[in-house]
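Structure at a glance
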Amino acid sequence: MLRYTLKRLVLGILTVWFIATATFFGMHAVPGDPLSNDKSTTAQIRANLEAKYGLDKPLLTQYAIYLKNISQGDFGISFTQENRKVNDIIKEHFPISAILGILAIVFAALGGILWGALTALYRNRWPDSVIMFLVILGISVPSFVIAAISQMFLVNINTLAGTTVLPVGGWGTVWHMIVPAMVLGLSTMAYLTRLMRSSMLEIVNTDYIRTAQSKGLPKTRIFSRHQLRNAILPVVTVLGPAIAGITTGGFVVEIVFAIPGLGRYFVEAIQQLDYTVIMGTTVFYGAFLVFMVILVDLLYGWIDPRVRINP
Amino acid sequence: MRSKSTSNSNTHSNSLSRQLGLYFVLAIVFVAGLLLALNQLAGLMGTATQEAQAVDFANNSISAVLREEPPQLDSSKATDSTSGLVLGHIMEGLLRMDLQDRLSPAIAERWEVTPTHATFWLRKDAKWSDGKPISAADFIFAWQLALKPETGSEYASLLYPIENAEAINTGKLPASALGVSAPDPHTLVVKLTRPIAFFDKLVVFPTFLPIREDFYNATQGRFGSDAKDLLYSGPYTIKSWVHGASMLLERNPHYWDSNRGKLAQINFAYITSDATATLNFFKDERIALARLQAENLTEALRLKWPIRRFADGTVFYLEFNHREDHLSRNLNFRKAIQHALDMEELVYKVTKLPGYLPGKSLFPEWLIGVEKTLREEYPASTVTVDSAKARAYLALAKEELGLAEFPEITLLTSDNPVSNIQSEWLQEVLKQTLGLTIKIDKQIFKQRLAKMSSGEFGLLLGGWGPDYNDPLTFGDLFASWNLNNRGRYKSEQMDALVATAQNATATPDRMKAFGAIQQQLFDDVVILPMYERGVTYVVHPQLKGVKRRVIGAETDYTYAYIDPDA
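Residues numbered from 1 in each chain as written. Chains lettered and ligands numbered in written order. Predicted model: local features only at pLDDT ≥ 70, side-chain atom pairs only at ≥ 80, totals over all residues. Heavy atoms only, no water.

1. Some details on the overall build of chain B
Along the backbone of chain B there are 17 helices and 22 strands. Each of the three principal axes of chain B carries a C-alpha extent, and together these read 95 × 75 × 50 Å. Per-residue burial for chain B yields a buried fraction of 57% across its 566 residues. Surface summary for chain B: the accessible area is close to 23400 Å², and the carbon and sulfur share equals 52%. Looking at chain B, you have 59 positive and 65 negative side-chain charges, and the mean spots of the two groups are 5 Å apart. (Helix = DSSP H or I, 4+ residues; strand = E, 2+ residues; numbered from the N terminus. Buried < 20%, exposed > 50% of the residue type's maximum accessible area, 1.4 Å probe, protein only. Areas by Shrake-Rupley, 256 points an atom, 1.4 Å probe, with all protein chains shown as cover. Lys, Arg positive; Asp, Glu negative; His and termini not counted. Charge placed at Lys NZ, Arg CZ, Asp CG, Glu CD.)

2. Brief notes about the overall build of chain A
Secondary structure assignment for chain A yields 12 helices and 0 strands. When the helices and strands of chain A are placed in sequence order, the string is α-α-α-α-α-α-α-α-α-α-α-α. When the backbone C-alpha atoms are referred to their principal axes, chain A occupies close to 85 × 65 × 30 Å. Taking all 311 residues of chain A together, the buried fraction comes to 52%.

3. Quick word on the sheet that holds strand S5 (residues 108–113) of chain B
Residues and elements named next belong to chain B. Read from one edge of the open sheet, 4 strands run S5-S6-S8-S7, paired in antiparallel fashion. With partners counted over all chains shown, the strands left at the sheet margins are S5 and strand S7 (180–184), one partner each. Adjacent strand axes in the sheet meet at a mean angle of 20° when their direction is disregarded. The pairing of S5 with strand S6 (residues 117–122) spans 5 bridges and is classified as antiparallel. Bridged to tryptophan 111 within S6 is phenylalanine 120. (Pairing = 2+ DSSP bridges. Axes fitted to C-alpha atoms, helices over the stretch in contact; angles between N-to-C directions.)

4. Description of the packing of aromatic side chains
This model, assessed by the stated rule, comprises 31 aromatic pairs over all chains. Measuring from ring centre to ring centre gives 4.9 Å for A:Phe25 and A:Tyr63, while their planes differ by 45°; the resulting arrangement is tilted. Taken together, the residues span a long stretch of sequence, with A:Phe25 in helix H1 (residues 2–29) and A:Tyr63 in helix H3 (residues 59–71) at a distance of 38 residues. When the ring of B:Trp366 is compared with that of B:Phe474, the centres are 6.4 Å apart and the planes differ by 65°; the resulting orientation is edge-to-face. (Phe/Tyr/Trp six-rings, centres within 6.5 Å; stacked < 30°, edge-to-face > 60°.)

5. Remarks on the pattern of salt bridges
Where side chains of opposite charge bring their charged atoms close, a pairing between them can arise. Residues and elements named next belong to chain B. Applying the stated rule across the entire model yields 37 salt bridges over all chains. Across the salt bridge formed by glutamate 92 and arginine 260, the nearest N and O atoms sit 2.9 Å from each other. Taken together, the residues span a long stretch of sequence, with glutamate 92 in the loop between helix H2 (81–90) and strand S3 (95–97) and arginine 260 in the loop between strand S10 (246–251) and strand S11 (265–271) at a distance of 168 residues. By relative accessible area, which is 6% here, arginine 260 ends up buried. Two residues, aspartate 257 and arginine 96, come together in a salt bridge whose shortest N-O distance is 2.9 Å. Note that aspartate 257 is positioned in the loop between S10 and S11 and arginine 96 in strand S3, a separation of 161 residues in sequence. The class for aspartate 257 is buried, based on a relative accessible area of 11%. (Salt bridge = Lys/Arg side-chain N within 4 Å of Asp/Glu carboxyl O.)

6. Some points on helix H11 (residues 262–271) of chain A
Listing the buried residues of H11(A) in full gives A:Leu262, A:Gly263, A:Arg264, A:Tyr265 and A:Ala269. Backbone geometry just downstream of H11(A) places A:Leu273 in the positive-phi region, at approximately 50°.

7. Section: the packing of helix H7 (residues 275–283) of chain B against helix H8 (residues 294–302) of chain B
Helix-helix packing is characterised by the crossing angle of the two axes and by the distance between the axes. Residue and element names in this part refer to chain B. Running from N to C, H7 and H8 cross one another at 25°; their axes reach a closest spacing of 9 Å. The pairing of H7 with H8 is recorded here as roughly parallel in orientation. The handedness of the crossing between H7 and H8 comes out as right-handed. Taking contact as the criterion, the partners of Ala275, Thr276, Leu279 and Lys283 in H7 are, on H8, Glu295, Asn296 and Glu299. (Parallel < 35°, antiparallel > 145°, perpendicular 65-115°, else oblique. Left-handed = near helix turned anticlockwise from the far one by under 90°. Contact = heavy atoms within 4.5 Å.)

8. Overview of the domain arrangement of chain B
The figure often quoted for interface size is the accessible area lost as the parts come together. Each assigned domain of chain B is listed with its residue range as follows: domain 1 (1–51), domain 2 (64–288 + 540–562) and domain 3 (311–534). On a C-alpha basis, the centroid separation for the pair domain 1 of chain B and domain 2 of chain B is 54 Å. (Domains from an automatic or database assignment.)

9. Notes on a positive patch on the surface
There is a patch of like positive charges on the surface, built from A:Lys215, A:Arg221, A:Arg225 and A:Arg229. Relative accessible area serves as the criterion here: at 47%, A:Arg229 is assigned to the partly exposed category. (Patch = residues over 30% accessible without salt bridge, like charges linked within 9 Å, V, L, I, M, F, W, Y side chains within 5 Å.)

10. Points about unusual backbone geometry
All names here are of chain B. In this structure, arginine 488 is a non-glycine residue whose phi angle is positive, near 55°. On the secondary structure map, arginine 488 appears in the loop between helix H15 (472–475) and helix H16 (492–503). Given a relative accessible area of 31%, arginine 488 falls into the partly exposed group. Its identity as a non-glycine residue notwithstanding, valine 525 has a phi of 40°, on the positive side. Inspection of the secondary structure assignment puts valine 525 in the loop between helix H17 (507–523) and strand S18 (527–539).

11. As for the nonpolar core
Within the largest apolar cluster, 142 residues are counted, with the highest numbers of intra-cluster contacts made by B:Phe120, B:Trp143 and B:Phe199. It is helix H12 (residues 275–303) of chain A that contributes the most residues to this core, 10 residues altogether. Two domains each put at least three residues into this core: domain 2 (64–288 + 540–562) and domain 3 (311–534) of chain B. When sequence neighbours within four positions are dropped, the list of residues in contact with B:Trp143 reads B:Leu94, B:Leu159, B:Ile162, B:Leu178, B:Val180, B:Leu188, B:Val190, B:Thr207 and B:Phe208. (Core = buried A, V, L, I, M, F, W, Y, C linked by side-chain atoms within 4.5 Å.)

12. As for the sheet that holds strand S2 (residues 61–66) of chain B
All names here are of chain B. Pairing is mixed across the open sheet formed by 5 strands, whose spatial order is S1-S2-S11-S10-S9. A strand with exactly one partner marks an edge of an open sheet, and here the two such strands are strand S1 (55–56) and strand S9 (236–242). Two strands pair when backbone bridges link them, and S9 and S10 are joined in this way by 6 bridges, in the antiparallel orientation. Across the sheet, the residue bridging to valine 242 is serine 246, located in S10. Against the sheet, H2 contacts S2, S9, S10 and S11, and its axis sits at roughly 135° relative to S9.

13. With respect to the interface of chain A and chain B
The interface of chain A with chain B comprises 72 residues on the first partner and 75 residues on the second. The three residues of chain A that bury the most area against chain B are A:Lys39, A:Asn83 and A:Leu114, which together make up 11% of that side's buried surface. Counting across the interface, chain A meets chain B through 2 salt bridges. A salt bridge links A:Lys39 to B:Asp467, with the nearest nitrogen and oxygen atoms 2.8 Å apart. (Buried area = accessible area lost by both parts, 1.4 Å probe.)

14. Focus: the packing of H1(A) against H3(A)
Residues and elements named next belong to chain A. The contact between H1 and H3 brings their axes to 11 Å, and the two run at 145°. Between H1 and H3 lies a crossing of right-handed hand. Counting all contacts with H1, which are made through Trp17, Ala20, Thr21, Phe24, Phe25 and His28, the residues of H3 involved are Leu59, Leu60, Gln62, Tyr63, Tyr66, Leu67 and Ile70.

15. A short note on the pairing of S6(B)
Residues and elements named next belong to chain B. If you look at the hairpin formed by S5 and S6, you'll find 3 residues sitting between the two strands. Bridge analysis of S6 against strand S8 (residues 187–191) gives 5 bridges, and the strand direction is antiparallel. Note on S8: the bridge partner recorded for tryptophan 121 is threonine 187.

16. Some words on the pairing of strand S15 (residues 409–414) of chain B
Residues and elements named next belong to chain B. Where burial is concerned, most of S15 is hidden: 5 out of the 6 residues are buried. Examined bridge by bridge, S15 and strand S16 (residues 438–443) share 6 bridges and lie parallel to one another. Paired with threonine 413 across the two strands is lysine 442, which belongs to S16. Chirality of the crossover, the property in question, places the unit of S15, helix H13 (residues 417–434) and S16 among those that are right-handed. Bridging between S15 and strand S17 (residues 459–464) involves 2 bridges; their strand directions are parallel. Along S17, the bridge assignment pairs leucine 412 with leucine 460. (Right-handed = clockwise from strand over helix to strand, strands pointing away.)

17. Examining a nonpolar patch on the surface
Taken together, the side chains of A:Val10, A:Leu11, A:Leu14, A:Trp17 and A:Phe18 present a nonpolar region at the surface, about 530 Å² in accessible area. Topologically, A:Leu14 is positioned in helix H1.

18. A look at the confidence of the model for chain B
Residues and elements named next belong to chain B. On average, residues of chain B score 91 in pLDDT, and 96% of them reach the 70 mark or higher. No element of chain B has a lower mean pLDDT than helix H1 (residues 2–45), which averages 71, and none a higher one than S8, which averages 97. In the predicted structure, residues 1–9 sits below a pLDDT of 50 and forms 1 contact with residues beyond four places in sequence or in another chain. The complex model carries a pTM of 0.88, and its ipTM stands at 0.85. (pLDDT = per-residue confidence, 0-100.)

Dropping the structure here:
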């Protein structure tokens, strides 16, 4: 087990290095540069800026300097927010995205499992049809539409109530989080519901359920011990990447609800070609994703003894 | 058998749905617990935004929205409009624009510009937010700082009229060689390299704001990055700044002018670029002013809000590529397009946004000439749209260029709703009237800039916003040496006119030069002015005295106050 974990970790670090390298060269291949602006500066001022950011050196030298810096955990200074270190940006804004993401993933996972189990239970009857219809909506309607509609809905509720039922945007208390987290988790929830439903239905027809039934076990016990627990496995598999996806994919929700998360910086950095922030967020999120996948693989062995690795 | 199994599965699912119900309750309890824990966690991080209320009469405060996190509050390096907006509230320089957009005294109570020198006499009661007096040395330090090559200030070139400034910026001279001196703490004398009649208008720009040396050094390279890393000279100070979330401004008790800073607090409670979200905040009475975009204009009209408008000073135009082996190098080709495009149609029938004006000249309507506006003194020439004439010019161009058929022409534009609709209109009109095939090349910001600089375009939707309140901010754009002349138009006559506009000291002479520049841009069809941009917005009825500006803080709340009876 330890050897397996170590092996996975080493591979993980290699993956992150690969992500960093690919991003670095990909980013420099994109036309345009972080120093260009609506208004051109004189050649002299541009030279001063290039010297300041080290962009005057050959690309491979920049790459070497860059690798050296990230190995020491230093992502440099942002081009657009010139006074801020990328490390500070990640440190200040990732926790916010993470809190929102945790809540969203909890909504998604709990909702997905519950709705999925419910639809499987009421297969081909009206609860199934209604929920599956909503699931299709949840998967296909883009998040900026859902975010805008839910925010408008909040405004209307507040106007009707004549007081603030829930804040329309901003950050700070749990009341600011509920609606954005639901919006953020919605498509994942819809996806998990479908996954849960099909895996529940698959399991109903397996031999061990029939064995349990013939043994005369109580229905509820079969449901919770045999059916639910086994059906959750595929859900856990996708949960790891989904966590990483949700905590990074909050761009739209963060903009609409004015939440100071990292997702914004991630997307805006690419539009602005802010080299250091692109590299910082990509490497950080890449490492996070790799870590989550490893974690899920290890967890999997714990939940399902069949895939446990022999030491 | 079959019926039995059905009834069996019925009871089965009943007991199971009860079980599922239990899980559901457990899940809710779990989520509630989680919410509580996350609430604590978020509280610990200190990122909470102060509760926003559009207008709060009891506390004499208002709330508003910022489009983005201010990227740079170090005035020696700031270039963008959001930073300009914040700096306009928290800082004050030698001079400022008053409510009537006239140059007026600020920290300098009087000033004088001669062909060789500019002298500013500073008021004695101007103080920093820590109570120490603002002295001439603070200006000298800030200007030297902006010019040091290692600072990398993009707008350092605005300081070049000062003696030795360019040499300092290129690293040939030390910063101390700058031709600025302070005979006493309240007098600032600037030596000019060349006569520059509008130097007083230049000093309104943020690059000229004062920075105090001891404070700057104490921040150890973090100047401007946080509320505590700034020293304020303006009517407001930043009380708290939560990056990416909010910024709370509070009246500066040491500020000298009691006519400004009437509101006790200005709470920039949200930072978002989303137009719909902004309008939602306004509807929910969270913010007192919301800018309207094309997509939510109808909503505002439906709600019967009084919609206000102002021209933000930016001019948009169609640029031609004047480089070798581009069709648009041919004058008759450009004239053909000039006679085919009706900018009134573009503004009133295609763009359909209130506040937009059809473009007639590179020089927008608000620029001041000798006494009246420049455009009143030197009216812009216009052509009447005439498709027959346009086709005749195109036939001439075809002959001169020796072409059998016109190749496809690339139109470079940015990717936003307004540009999209305009470029499609251009494409359609040029196809219908002249039979030209236009390929629209939509590019996001940085990629578009790269193509603009390298000249990878036939036609270009370009625009220019002013930096200072003098026609020269537009007038020098098409000088051959100006890098913002993206089409690389090159004309000795134009260069000579720009030189006159820069160096002449008498205002009438300069305005005459601008009139001639305007005429040459028209005669030679260097560009085709398309429109002057307008901004539409809604304001809370109780908030009065908000000033919208073309130069400086786009939205200026420093004179604003709350009228509870409105």
